[in-house]
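# What the coordinates show
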Amino acid sequence: TTEQIIENVTYARKVHEALPYLGEKLDEELWRDWVLPHRVLEEDLSLWRKDLYERMQPVIAGKKSTWEAMAAIHAWWMIGQDGKPPRAVLGPSEDRCKTPLQVMRIGSAAAAI
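Criteria and cut-off values
- Residues numbered from 1 in each chain as written.
- Predicted model: local features only at pLDDT ≥ 70, side-chain atom pairs only at ≥ 80, totals over all residues.
- Heavy atoms only, no water.
- Helix = DSSP H or I, 4+ residues; strand = E, 2+ residues; numbered from the N terminus.
- Contact = heavy atoms within 4.5 Å.
- Areas by Shrake-Rupley, 256 points an atom, 1.4 Å probe, with all protein chains shown as cover.
- Phe/Tyr/Trp six-rings, centres within 6.5 Å; stacked < 30°, edge-to-face > 60°.
- Buried < 20%, exposed > 50% of the residue type's maximum accessible area, 1.4 Å probe, protein only.
- Axes fitted to C-alpha atoms, helices over the stretch in contact; angles between N-to-C directions.
- Parallel < 35°, antiparallel > 145°, perpendicular 65-115°, else oblique.
- Nonpolar A, V, L, I, M, F, W, Y, C, P; charged D, E, K, R; others polar.

### A closer look at the overall build of the protein
Each helix and strand in the protein was counted, giving 5 helices and 0 strands. Walking the protein from its N terminus toward its C terminus, one meets helices and strands in the order α-α-α-α-α. By sequence separation, contacts in the protein at least 24 residues apart represent 42% of the contacts at least 6 residues apart. Approximately 7,800 Å² of the protein is accessible, and the part contributed by carbon and sulfur atoms is 59%.

Put into structure tokens, the structure is as follows:
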């Protein structure tokens, strides 16, 4: 829907603007081709950007580089702030591609939904 497209673009842009250190590495063409699309292959259409934006804001707050942000997100994903097991196991899948929220909900990128 129009609303879904607007939300996708809005939150893709918010991330780009919230992380000023991306500007030097991610020009407008790369952003349009690799960041803006709401899905990669054939995963279900879903509104995942707003949810992840809100979850990741506290995780990446104060980070000064792409590397620092990536390391913080990796730690959040693999360990969690509470020391629990990984939030999801990543690996190859012969199933339909999954959205980020599906991976987080089922705890695996490889498991069937």
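### Some thoughts on the packing of aromatic side chains
Taken as a whole, this structure holds 1 aromatic pair when the rule is applied. Look at Tyr 11 and Tyr 53: their rings are 5.4 Å apart centre to centre, the planes differ by 65°, and that puts the pair in the edge-to-face class. Separated by 42 residues along the polypeptide, Tyr 11 in helix 1 (residues 2-18) and Tyr 53 in helix 3 (residues 49-60) bring together distant segments of the chain. Residue classification places Tyr 53 among the buried residues on the basis of a relative accessible area of 18%.

### Brief notes about the packing of helix 1 against helix 3
Packing of helix 1 against helix 3 brings their axes to within 9 Å, and their N-to-C directions diverge by 25°. It follows that helix 1 is roughly parallel to helix 3 by the angle criterion. The residues of helix 3 that touch helix 1, namely those facing Glu 7, Asn 8, Tyr 11, Ala 12, Lys 14, Val 15 and Ala 18, are Arg 49, Lys 50, Tyr 53, Glu 54 and Gln 57. Of the residues assigned to the contact of helix 1 with helix 3, the class counts are 5 nonpolar, 2 polar and 5 charged.

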